[in-house]
Amino acid sequence: MMSPRQTSDGRASSHSVYTRQTPLRILHVIGNFLRIWSVYSMYHYLSQSGASVVLFIFSCMVPSSFLILALQKPWKGRPLSNTQVIPSMINGVITAFYFILLVKGIKSCGPLRAILAEYSGAILGVLSGVLYGRRVHIWKKLGGLLAMLASFYLLSQGWAMATYSPFPFRNSPDSELQKENSLGMKDMAIPIFAGILSALRRVIARRVSLKNQLKRRLHAITIASATCFMFPVAMWDMILGKSPESSSEPPLSVWPYLSTILFGIILIFYIESIAEERLHMVFSSPRHLMVAGGCIILMEMLYKMDFSLAGFLICCTVLGFGIYEATSLERSRKDSLPTPDLSEAPFDDQIQMSALPT
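The structure displayed is predicted, hence computed values, not measured ones.

Trainee: Outline the nonpolar core, supporting the account with residue identities and numerical values.
Mentor: Judged by nonpolar contacts, the single largest core of 69 residues is most densely connected at Leu112 and Leu116. Examining the composition of this core, we find that ten residues originate from one element, helix H3 (residues 82-109), more than from any other. Setting aside its immediate chain neighbours within four residues, Leu116 contacts Phe152, Leu155, Leu289, Ile296, Phe312, Cys316 and Leu319. Grouped together as the second largest cluster of nonpolar side chains are five residues, Val85, Val208, Leu214 and Leu218 included.

Trainee: A description of the confidence of the model for the chain should follow, citing residues and the corresponding values.
Mentor: Of the residues in the chain, 76% reach a pLDDT of 70 or more, and the chain-wide mean stands at 82. Across residues 335-358, confidence stays below pLDDT 50; counting only partners more than four residues off in sequence or on other chains, it has 45 contacts.

Trainee: Which residues make up the side chain of Gln21, and what are the values?
Mentor: With respect to the helices and strands, Gln21 occurs in helix H1 (residues 4-49). Accessibility expressed as a relative area gives 15% for Gln21, which makes it buried. Among the polar contacts listed, one links the side chain of Gln21 to the backbone oxygen of Arg278, at a separation of 3.3 Å. With near-sequence residues (within four places) excluded, Gln21 lies in contact with Arg278 and Leu279.

Trainee: How would you explain the pattern of salt bridges if you had to name every residue and give the values?
Mentor: Inspection of every chain in the model, using the stated rule, returns four salt bridges. When the shortest N-O distance is used, the salt bridge between Arg35 and Glu118 registers 2.9 Å. One end of the pair, Arg35, is in helix H1; the other, Glu118, is in the loop between helix H4 (111-117) and helix H5 (123-132), with 83 residues separating them in the sequence. Per residue, the accessibility class of Arg35 equals that of Glu118, and both read buried. In this structure, a network of salt bridges that share partners links the residues Arg206, Lys215 and Glu276.

Trainee: Residue-level account of unusual backbone geometry, with values.
Mentor: Positive phi, close to 55°, is recorded for His280, a residue that is not glycine. Within the secondary structure layout, His280 lies in the loop between helix H9 (254-277) and helix H10 (286-302).

Trainee: Tell me what's going on with the environment of Gly31, and back it up with residues and numbers.
Mentor: Secondary-structure assignment places Gly31 in helix H1. A sequence separation of 240 residues divides Gly31 from Ile271, and the C-alpha atoms of the two residues are 6.1 Å apart. Setting aside residues no more than four positions away along its own chain, Gly31 makes contact with Ile268 and Ile271.

Trainee: Lay out the packing of aromatic side chains with the relevant residues and their values.
Mentor: Counted under the stated rule, the structure contains 13 aromatic pairs. Between the aromatic rings of Phe269 and Tyr270, the centroid separation amounts to 5.3 Å while the plane-to-plane angle is 75°, which identifies the pairing as edge-to-face. Phe269 sits in the buried class, given a relative accessible area of 13%. Cluster of aromatic residues (ring-pair linked, three or more members): Phe33, Trp37, Trp255 and Phe263.

Definitions and limits used
- Residues numbered from 1 in each chain as written.
- Predicted model: local features only at pLDDT ≥ 70, side-chain atom pairs only at ≥ 80, totals over all residues.
- Heavy atoms only, no water.
- Core = buried A, V, L, I, M, F, W, Y, C linked by side-chain atoms within 4.5 Å.
- Buried < 20%, exposed > 50% of the residue type's maximum accessible area, 1.4 Å probe, protein only.
- Helix = DSSP H or I, 4+ residues; strand = E, 2+ residues; numbered from the N terminus.
- Contact = heavy atoms within 4.5 Å.
- pLDDT = per-residue confidence, 0-100.
- Polar contact = N/O pair within 3.5 Å; in protein donor to acceptor, adjacent residues only side chain to side chain.
- Salt bridge = Lys/Arg side-chain N within 4 Å of Asp/Glu carboxyl O.
- Phe/Tyr/Trp six-rings, centres within 6.5 Å; stacked < 30°, edge-to-face > 60°.

Take a look at the structure:
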């Protein structure tokens, strides 16, 4: 039995750890807000200009790959083995498909539904539980999967929009609001599949590299490989995509490209790495969904989107419950691990790496 002094010491140490993590939590919120801001800027630019999705993301990937290569310098330091480079290059192909499908989903479904559909990567947690987990957890994971599918169905039916939601944010529609259309599950399949690819590329990156510095060097190779793979697709789209009727090109806006490069590709990688390594917060988790949900509410208000707060909260609650149940096995495994001593902080990254999904 623990004495009251030991209990108070444990509470004090946990409080000091939480206090030290507060700046990192603030940084994580700011980084996710900037990334979501870039998504909304991208959506408005693509919907108003009608620019090609593939050419837009390729134009952002080229400078991003150069900047990340210049920052990480994967050719310096300890030589990388083929067992690390080849999976990273294959991961680049998955990353290229992820970015193309994500931007297509943002343009067709809107930023709110595309961002929430990214959390479909927790489906990999269901697969890992069915294939490798205990039989007692299967029903929990299947229940979480059904809750996630129900949330995506409600989003596709427009529950998060004031026009179609049974809980409108305003009693009378505002003419200044930017209206969006209700979709079907077929249209939502694009961002959902993008979320699964996003989780898959994180899993591959985690399995290939265990050390943080090595992970960043391999990420530079992954982004460069994704850019090279996207090049022929962009050139093919540029050749076949132009129609003789659309000879007048819309004016080029720098901010959507700049925000996507800086916040949507480069900064978000370091922010998510800090959240995973120091805060032990993976992408497909209810805590991460809470941060993203708060940022989405703020951006929907600022951009005067067709938004229903009550319907959005219902969809997020159902989605968060589904993610919680789908990742129950990985969470119990992490809780069963012995808590490391605070003096061994440099080794925390390798000890508390969570399993699927990420």
